[in-house]
Every structure is written in C-alpha cells, then in structure tokens.
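# Remarks on the overall topology
Letter by letter, the chains look like this.
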Amino acid sequence: MDEVELRQLRCLVAIVDEGSFTDAAIALGVSQAAVSRTLAALERALGVRLLRRTSRAVTPTATGLRVVARARRVLADVAGLVQEAGSGHTLLRIGYAWSAVGRHTVAFQRGWAAACPGTDLQLVRVNTASAGLAEGVCDLAVVRRPLEDLRFDAAIVGLERRLAALAADDPLARRRTVRLADLTGRILLVDRRSGTTTPELWPPESRPAVEETHDVDDWLTAIGAGRAVGVTAESTANQYPRPGIVYRPVRDAEPVAVRLAWWRDDPHPAHQAVLELLSELYRAG
C-alpha cells in the first residue's frame, strides 16, 4: 500500500469520469501513455484489475467500482485538508439530492454558523441515491429514502408532507388538496435514483403511467408545460417555487421521512451536532 499515490487515484477517477484514456489525459494535462502507465502501476500496487477496456468504452470492474468510490473519498479528504490548513477552519460538507432541508435551510445555515463558527458549512447538491456520500463528495447527507447500502447509518430528523406538483392551469390546481386517485391516468414524472415517489404509492390497479427524469429543473420544466405531474416532498416546494407551477398537499399519502446519513465506520465528528440542530428545527417547525 505504500506504493499507492494520490496521482494514481486522480488518474483512475479521471479515466472513469472522462470515459476514455485520451480524455483523461487531456483533463490531467499529461500524455495518454502517462495515463496508461499510471493506471498500470496502481493495478500492480493493489493486485487487482480496475478497468475493462474495449474498442468503444472503458468501464470499471466490480472491484474497480469500489476502489473508485474510496478514491473519491480519499481525494476529497485531501482537498478538505488542504483547504482547512489554508483557512484555519474545518469544512463540513453536507450533500443533498434535490432540496436540502426545505424551508429550514436558511435557519440551519445560520444556526450552524452561530453555534460552530470554527466549522464552515457547505451544502452540496448531488443527485444520487446517497446524495454524494458514496461518491466521496460530502461528509454527511440529507436523504429522503432509506439507504440500503450497509456502509451507511442514518437517523430521522423530521417529516415532510407529500405535495402534488401541477401546472398552474391544470384543473386540479384549483383545489386546496388532492388525492392519489386524482392523479391516476396522468403521466407521473419520477426520479428513481433519489426521488421519494414511486408508482407503489398507488394501488396496483390504479397506478399512473411513469416517465423518468434525473434533474429537478427538467422535472419542473415538464410539469410547468403540462406534460406531466409530480409528487414530491414539501421541501421541493420551499426550495423551488416557480411561476406556472403550483403545489397541493396529497391528503391520503404518507409523509416523507427526512434522514441524516453518515458513514457507519467513519462518522464525521460533527454528525451528532448536525443531527441535534436539524431535529430541533423540524420539531419547532
């Protein structure tokens, strides 16, 4: 393990992110031959094959996927170390997929700054199931669906209502509330990676047709055009008010549990303080 170097990890991540040795070389500012040599040295040091190369694509092996995820964490930790050393402050990065902590977001940021002035808080939007934890781009994550990955632990900090997102000229927009049955027969726009809504909210015989999206702006654009409807946590309405879109409570849908998640074997030292502050904000709200 003494032979593993940061430049090798950067090289591996660049190949995966860029999709080819050629593009990774451009991103890193080195030759393609240097990229090949660096990857080969890393594979020798670890004793495993990390990437599969074909004439059309470069893809990680099963082991490679795990190494890439850990490499991202290592590189992010080093970047944080450099920033902390230069600023004299500790950095706490909290990931989220769509909407941070909704209407509590500003209060959370200000409350944290007042309570922990020596730890800079950075909110990072990462639209993955773990909201950036598995990718190594954050220390803690706010998620609104249970994490199946046993590497993570989580605790519920609060509950949010489910709301229907509708075009402003949709007939349902004139109502104060809607029911799940009112959306049967519509096209439901969902994000299966990180969203809180699935067709399983409806009985099997009355589920709406589903289309997928992976970005909140695309979701809002399609709904505003009247092409689809959405069902989302209340925080989305707080974070993304938009002309042409209205949000209405879904009165027969279960609320969404908001969780704070962390690495089970390596929790950030501040995770308990974040847990307490978020829980207090949701209780007070």
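Here the structure is shown first, and the text comes after it.
Residues numbered from 1 in each chain as written. Predicted model: local features only at pLDDT ≥ 70, side-chain atom pairs only at ≥ 80, totals over all residues. Heavy atoms only, no water.

Note on helix geometry: an α-helix contains 3.6 residues per turn, so any two residues three or four positions apart are oriented the same way. Here helix α2 (residues 21-28) has its buried residues at F21, A24 and A25. For α2, the angular spread of the buried residues around the axis is 100 degrees, confining them to a single face. Where α2 ends, the next residue or the one after it, G29, has phi of about 75 degrees, a positive value. (Buried < 20%, exposed > 50% of the residue type's maximum accessible area, 1.4 Å probe, protein only. Helix = DSSP H or I, 4+ residues; strand = E, 2+ residues; numbered from the N terminus. Arc of directions from axis to C-beta.)

If you add up the space inside the largest pocket, you get close to 340 Å³. Among the elements that line the lining of the largest pocket, the one with the most residues is strand β12 (residues 256-263), at three residues. Residues that form the lining of the largest pocket fall into these classes: eight nonpolar, five polar and nine charged. Of the voids in this model, the second largest pocket is the one considered here, and its volume is about 160 Å³. What lines the second largest pocket is R73, D77, R93, G136, C138, D139, W263, D266, P267, H268 and P269. (1 Å grid on protein atoms, 1.4 Å probe; cavity = no way out; pocket = protein on both sides within 12 Å on 5 of 7 lines; lining within 4 Å. Points joined across faces, edges and corners; volume = space filled by probe spheres on them. Nonpolar A, V, L, I, M, F, W, Y, C, P; charged D, E, K, R; others polar.)

Locating D139 in the fold gives a position in the loop between β4 (119-125) and β5 (140-143). One polar contact links the side chain of D139 to the main-chain amide nitrogen of R93, over a distance of 2.8 Å. With residues near it in sequence (within four places) discarded, D139 still touches L91, L92, R93, L133 and H268. (Polar contact = N/O pair within 3.5 Å; in protein donor to acceptor, adjacent residues only side chain to side chain. Contact = heavy atoms within 4.5 Å.)

Quick look at the environment of R179 now. Within the secondary structure layout, R179 lies in the loop between β7 (162-167) and β8 (187-190). Remark: the alpha-carbon pair of R179 and D252, spanning 73 residues in sequence, is separated by 5.8 Å. Once you skip the residues sitting within four places of it in the chain, R179 turns out to touch V250, R251 and D252.

Tracing the sequence through the fold places A34 in helix α3 (residues 32-46). Taking relative accessible area as the criterion, A34 reaches 17% and is therefore assigned buried. Along the chain, A34 and E18 lie 16 residues apart, while their C-alpha atoms are 16 Å from each other.

On to the sheet that holds β7. Within the open sheet, the three strands sit side by side as β10-β7-β11. Their pairing is antiparallel. Each edge of the sheet is formed by a strand with only one pairing partner; in this case those strands are β10 (230-233) and β11 (245-249). Strand-to-strand twist in this sheet, taken as the mean axis angle between neighbours without regard to direction, amounts to 35 degrees. Taken together, the four bridges between β7 and β10 define a ladder with antiparallel strand orientation. For R162, the partnering residue across the bridge sits in β10 and is A233. (Pairing = 2+ DSSP bridges. Axes fitted to C-alpha atoms, helices over the stretch in contact; angles between N-to-C directions.)

Two side chains carrying opposite charge are able to pair once their charged atoms lie near each other. Applying the stated criterion across every chain, the model contains 15 salt bridges. Note that R264 and D153 form a salt bridge whose closest N and O atoms lie 3.9 Å from each other. Residue R264 is found in the loop between β12 and α8 (271-284), and its partner D153 is found in strand β6 (residues 152-160); the two are separated by 111 residues along the sequence. A relative accessible area of 46% means that R264 is categorised as partly exposed. (Salt bridge = Lys/Arg side-chain N within 4 Å of Asp/Glu carboxyl O.)

For any pair of aromatic rings, the description rests on two quantities: the centre-to-centre distance and the angle between the ring planes. Enumeration according to the criterion identifies two aromatic pairs in this entry. For the pair W98 and W219, a centre-to-centre distance of 5.2 Å together with 70 degrees between the ring planes defines the contact as edge-to-face. Of this pair, W98 sits in the loop between β3 (90-96) and α5 (105-115) while W219 sits in helix α6 (residues 216-224), and the two are 121 residues apart along the sequence. For the ring pair F152 and W263, a centre distance of 4.7 Å and an interplane angle of 70 degrees mean the geometry is edge-to-face. Of this pair, F152 sits in strand β6 while W263 sits in strand β12, and the two are 111 residues apart along the sequence. Accessibility classification places F152 together with W263 in one group, the buried group. It is R53 that lies over the ring of F21; its NZ or CZ is 3.8 Å from the centre. Positioned over the ring face of W263 is R73, at 3.6 Å from the centre of the ring. (Phe/Tyr/Trp six-rings, centres within 6.5 Å; stacked < 30°, edge-to-face > 60°. Lys NZ or Arg CZ within 6 Å of the ring centre and 35° of its normal.)

Following the criterion strictly, the structure yields two cavities of 30 Å³ or more and no others. Empty space within the largest cavity amounts to approximately 240 Å³. Of all the secondary-structure elements, those providing two or more residues to the lining of the largest cavity are β5, β8, β10 and α7 (234-239). The element best represented in the lining of the largest cavity is β10, accounting for three residues. Residues belonging to the lining of the largest cavity are distributed by class as follows: 11 nonpolar, nine polar and three charged. At the level of elements, β3 and α8 are the ones that each hand at least two residues to the lining of the second largest cavity. A class-by-class count of the residues in the lining of the second largest cavity yields nine nonpolar, no polar and no charged.

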